[in-house]
Amino acid sequence: MRVFGKIAAISVLVTGAATIVTITSGSAVAEPRNCVLNQWATGASAHCDGDGTYILEVDCFGMNLAGGPPFGPYDKSVTGWAGDPAGRPSRDCLMPTTLGQVGIVTGVRITQTPTRPGLPDNAWEYDPGRP
């Protein structure tokens, strides 16, 4: 009888732990996959399959009259939606008439979260999908 009681107690503990893990885990986070990054001298574009969002970050160097130091490095980024066949977010360092920027690309990456917490005001250009 004592063995049965121990087995029942262990079963209740295991079942309770499994229930807590199931409740607290929530739904799986959607992630982009199979990303393709296209880079040229003054900009870059990206496309990912899967679900969720991703961020295309472009490091530029050159003249920037949109804010910050007028000459030197500046950052640009845009949000993309994975799985959108028409979606190919891009950013260009060469926007002399609209932002006063004339620069070249020094680095490009696709991330799920911004890699720089202190992006300048002009880093997030108009993106109709962002609130």
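A quick note: this is a predicted structure, and the numbers were derived from the prediction, not measured. (Residues numbered from 1 in each chain as written. Predicted model: local features only at pLDDT ≥ 70, side-chain atom pairs only at ≥ 80, totals over all residues. Heavy atoms only, no water.)

Draft legend 1. Summary view of the nonpolar core. In this structure, Y54, L56, V58, C60, C93, V105 and V108 are the most contacted members of the largest nonpolar core, which totals 13 residues. The set of elements that each furnish at least two residues to this core consists of β2 (43-50), β3 (53-64), β4 (71-81) and β7 (101-111). The element best represented in this core is β3, accounting for four residues. Setting aside anything within four residues of it in sequence, one finds V58 in contact with A44, Y74, D75, K76, R91, C93, V105 and G107. (Core = buried A, V, L, I, M, F, W, Y, C linked by side-chain atoms within 4.5 Å. Buried < 20%, exposed > 50% of the residue type's maximum accessible area, 1.4 Å probe, protein only. Helix = DSSP H or I, 4+ residues; strand = E, 2+ residues; numbered from the N terminus. Contact = heavy atoms within 4.5 Å.)

Draft legend 2. Structural detail: the packing of aromatic side chains. Applying the stated rule across the entire model yields one aromatic pair. Ring centres of F61 and F71 lie 5.3 Å apart, and the angle between their planes is 80°; this geometry places the pair in the edge-to-face category. Placement of the pair is F61 in strand β3 and F71 in strand β4, with a sequence separation of 10 residues. Of the residues examined, F61 reaches a relative accessible area of 37% and is grouped as partly exposed. (Phe/Tyr/Trp six-rings, centres within 6.5 Å; stacked < 30°, edge-to-face > 60°.)

Draft legend 3. View of a nonpolar patch on the surface. The grouping of F61, M63, L65, F71, L94, V102 and I104 at the surface amounts to a nonpolar patch, some 660 Å² of accessible area in total. Elements with a contribution of two residues or more to the nonpolar patch: β3 and β7. Within the secondary structure, L65 sits in the loop between β3 and β4. Residue L65 is classed as exposed on the basis of its relative accessible area, which comes to 57%. (Patch = residues over 30% accessible without salt bridge, like charges linked within 9 Å, V, L, I, M, F, W, Y side chains within 5 Å. Areas by Shrake-Rupley, 256 points an atom, 1.4 Å probe, with all protein chains shown as cover. Salt bridge = Lys/Arg side-chain N within 4 Å of Asp/Glu carboxyl O.)

Draft legend 4. Just the pairing of β7, in detail. Here β3 runs beside β7; their pairing, made up of 10 bridges, is antiparallel. Each bridged residue has a counterpart across the sheet, and for L56 the counterpart in β7 is I110. (Pairing = 2+ DSSP bridges.)

Draft legend 5. Quick peek at the sheet that holds β2. Strand order in this open sheet of three strands is β1-β2-β5, and the pairing throughout is antiparallel. At either end of the open sheet lies a strand with only one pairing partner, and these are β1 (32-40) and β5 (90-92). Each adjacent strand pair in this sheet contributes to an overall mean axis angle of 10°, direction not counted. By the bridge criterion, three bridges tie β2 to β5 in an arrangement that is antiparallel. Looking at β5, one finds that A44 is bridged to R91. (Axes fitted to C-alpha atoms, helices over the stretch in contact; angles between N-to-C directions.)

Draft legend 6. View of the side chain of S45. Structurally, S45 can be placed in strand β2. Look at S45 and you get buried, because its relative accessible area is 6%. For S45, the contacting residues outside a window of four places in its chain are V36, L37, N38, W40, L56, R88, P89 and S90.

Draft legend 7. Layout of the state of the cysteines. Taken as a whole, this structure holds two disulfides when the rule is applied. There is a disulfide in this structure between C35 and C48, and the S-S distance comes to 2.0 Å. Here C35 and C48 share a disulfide; its torsion about the S-S bond, 110°, makes the bridge right-handed. Taken together, the residues C35 in strand β1 and C48 in strand β2 connect sequence positions 13 residues apart. Its relative accessible area of 0% is what places C48 among the buried residues. Note on cysteine connectivity: C60 is disulfide-linked to C93, with sulfurs 1.9 Å apart. (Disulfide = S-S within 2.5 Å.)

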